[in-house]
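Structural overview for review
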Amino acid sequence: MKKTIANWGNYPVMETEEKTFTFEEQLSDALLHSDGIIARGNGRCYGDASLAKNTISTLKYDKVLSFDTEQGIFECQSGLMLDKILEVIVPKGWFLPVTPGTKFITVGGAIASDVHGKNHHVDGCFSHHVLEMDVVLGSGETVTCSPTSNTELFWATCGGMGLTGIITRAKFDLKKVESSYIKQKQIKAQNLEEVIELFERYKHYTYSVAWIDCLKKGKHFGRSILMLGEHAKLEDLDEEKKKDPLKLPNKKQITFPFTLPSFVLNQLTVKAFNFLFYGKNFKREINNVISYEPFFYPLDAILHWNRGYGKKGFVQYQFVLPLESKQGLIEILKRISDKGLGSFLAVLKVFGKQDDLISFPKEGYTLALDFPVRKGLFEFLDELDKVVLDYGGRLYLSKDARMKSDIFWKGYSNANRFSEIVKKYNPDFKFNSVQANRLSITH
Ligand SMILES: Cc1cc2nc3c(=O)[nH]c(=O)nc-3n(C[C@H](O)[C@H](O)[C@H](O)COP(=O)(O)OP(=O)(O)OC[C@H]3O[C@@H](n4cnc5c(N)ncnc54)[C@H](O)[C@@H]3O)c2cc1C
């Protein structure tokens, strides 16, 4: 079916011939009859990674295959979304081992981007919990791979942005929990130095993330709110919550009704920002027990919030710098705040050690912020890319819609090895995307 599609940033927008499948035979047939094709999950990557002239949507390939409630091992088809998995596993006392900031992504998308959560420094990426998966190659052949068999294919598929083939099935482990609640601690930090010091002090916490105010200059430059969390134990719950400790959160969602002109966004963001940072009752530290939903997925409460960025769309800029490059973090944040092009809030997380083939994380700090698409933006981001590279960092492919190919090849130290494995399993580049062509991976 011909369709106009875009991913979460609504930039770029393009026409595609979309195919769907509910049985593997349909997938093999679709692959036989198309070239220049890429797998598409729920389109929650921000840029052009799941855009191509032919796309194969996995959304109808979404069955639960097995769930070992004793061992916490879950197996499903790749189009199943994390929100559906949570509905099955949480009432049985299990949680996702790693989750990104939205639950509206597929398992295939979680592996292909090798997503990270607020617990990367403790639990690593999603791929570290994958026990085995099936990948359908361009020939239609299904290959099962895992950290111990067909390992090249396994590691090039984790974080490989769909370029080795279509992930159709995955088996992964879960995290045992006593309740569906999170014991949360929020701490206000006066500036960037303090928040980095707090990350260090509280590194024993499983979950951590900071929201940084990008407007403040001077001694409050980089002032932030650090959010820390642990899965609440039974003893942490009040009497009311103890009655049903594994209760699923109520579905309270509102929908952003239509695409707004860009100026409205600024007014809305300023209001949200003022509320967060100047709220009269906001103490230096807050400790409470909340449902997992507002802790992990605060943005999911407003469906289609991306419409708020206007018709031209936006890009999310996410980079990681090694731990020792704190100066680079300061320099980049300064440039962004001086330029005044970015959103007012940036999200800062810490990554633990990781050295996989092509996954984004490596030990250090990662910062993400949104930029509405406008004149002069891409030239400015090109300058930032150079600073990121100079400090030994790289950009997240899952958020990217515009980086130049040399930034990818220089930033990802295993890019050559990755490209050789892609050529081995995808020799004619049957699988390619707008992003992979732009970055000269499949070109
Ligand atoms: C609000 C929000 C918050 C987010 N927070 C985080 C975060 O905290 N951490 C993080 O890591 N990411 C985060 N992301 C990004 C998101 O988790 C990833 O982009 C994820 O890959 C999207 O999955 P999807 O199912 O929507 O796949 P798509 O966006 O459709 O595709 C993403 C990539 O996966 C490939 N792919 C999809 N399915 C398959 C398959 N079956 N086989 C092979 N390749 C496949 C596509 O080709 C593409 O390269 C966030 C996104 C949003 C919108």
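For clarity, every value in this text was computed on a predicted model and none was experimentally measured. (Residues numbered from 1 in each chain as written. Predicted model: local features only at pLDDT ≥ 70, side-chain atom pairs only at ≥ 80, totals over all residues. Heavy atoms only, no water.)

Focus: the site of the ligand
- Taken together, 35 residues lie near the ligand, and A39, T106, S113, Y396 and S398 sit nearest.
- Note that an oxygen atom of the ligand is positioned 2.7 Å from one of the backbone N or O atoms of A39.
- I167 is positioned with one of its backbone polar atoms (N or O) 2.9 Å from a nitrogen atom of the ligand.
- Protein contacts shield 98% of the accessible area of the ligand, which totals 970 Å² for the unbound molecule. (Near = heavy atom within 4 Å. Polar contact = N/O pair within 3.5 Å; in protein donor to acceptor, adjacent residues only side chain to side chain. Areas by Shrake-Rupley, 256 points an atom, 1.4 Å probe, with all protein chains shown as cover.)

Thoughts on the nonpolar core
- In terms of nonpolar packing, the biggest core is built from 108 residues, with I85 and F371 touching the most fellow members.
- Once residues within four sequence positions are removed from consideration, I85 is found in contact with F74, C76, L80, L96, V107 and F172.
- Within the second largest apolar cluster, ten residues are counted, among which are F21, L31, I37 and I56. (Core = buried A, V, L, I, M, F, W, Y, C linked by side-chain atoms within 4.5 Å. Buried < 20%, exposed > 50% of the residue type's maximum accessible area, 1.4 Å probe, protein only. Contact = heavy atoms within 4.5 Å.)

Some thoughts on the sheet that holds strand β16 (residues 285–291)
- Sheet architecture is open: eight strands sit in the order β16-β12-β14-β13-β19-β20-β18-β21, paired in antiparallel fashion. The two strands at the open ends of the sheet, each matched to only one other strand, are β16 and β21 (394–395).
- Alignment of strand β18 (residues 314–322) against β21, held across two bridges, turns out to be antiparallel. Directly across from F319, in β21, lies its bridge partner L395.
- Sitting on the sheet, helix α11 (residues 377–390) is in contact with β18, β20 (364–372) and β21, with an inclination near 10° to β18. (Pairing = 2+ DSSP bridges. Helix = DSSP H or I, 4+ residues; strand = E, 2+ residues; numbered from the N terminus. Axes fitted to C-alpha atoms, helices over the stretch in contact; angles between N-to-C directions.)

Structural notes on the pattern of salt bridges
- Under the definition given, this model contains 31 salt bridges.
- A salt bridge links R169 to D134; the nearest nitrogen and oxygen atoms lie 2.8 Å apart. Of this pair, R169 sits in strand β10 (residues 166–173) while D134 sits in strand β8 (residues 130–136), placing them 35 residues apart in sequence. By the burial criterion, R169 is buried, and D134 matches it.
- A salt bridge links R438 to D400; the shortest N-O distance between them is 2.9 Å. Taken together, the residues R438 in helix α14 (residues 434–438) and D400 in the loop between β21 and α12 (405–411) connect sequence positions 38 residues apart.
- Several salt bridges share partner residues, and in doing so they unite E75, E132, D134 and R169 into one network. (Salt bridge = Lys/Arg side-chain N within 4 Å of Asp/Glu carboxyl O.)

Quick notes on helix α1 (residues 24–32)
- Three or more residues of α1 are buried, namely L27, A30 and L31. What you see down the axis of α1 is that its buried residues fit within an arc of 100°, all on one side. Within α1, the exposed residues directed more than 90 degrees away from the buried face are E25 and L32.
- Elements that come into contact with the buried residues of α1 comprise β2 (14–20), β3 (37–40), β4 (54–57), β8 and β10. (Arc of directions from axis to C-beta.)

Considering the sheet that holds strand β1 (residues 2–5)
- The strand order across the open sheet formed by four strands is β1-β2-β4-β3, and the pairing between neighbours is mixed. Looking at strand neighbours, the two that pair on one side only are β1 and β3, the edges of this open sheet. Direction aside, neighbouring strands of the sheet carry axes that sit 45° apart on average.
- Sheet topology places β1 next to β2; four bridges connect them, and they run antiparallel.

A few points about the pairing of β20
- β20 sits mainly inside the fold: nine of its nine residues count as buried.
- Pairing analysis gives nine bridges linking β18 to β20, with the strands arranged antiparallel. Within β20, the residue paired with P322 across the bridge is G364.
- Here strand β19 (residues 345–351) pairs with β20 via five bridges, running antiparallel. Across the sheet, K349 pairs through a bridge with T366, a residue of β20.

Observations concerning the packing of helix α10 (residues 326–339) against α11
- Taken N-terminus to C-terminus, the directions of α10 and α11 make an angle of 165°; their axes are 10 Å apart at the nearest point. Compared by their axis directions, α10 and α11 come out roughly antiparallel. In this structure, α10 meets α11 at a crossing whose hand is right-handed. Across the interface between the two elements, E331, I332, R335, I336 and K339 of α10 pack against F380, E383, L384, V387 and V388 of α11. (Parallel < 35°, antiparallel > 145°, perpendicular 65-115°, else oblique. Left-handed = near helix turned anticlockwise from the far one by under 90°.)

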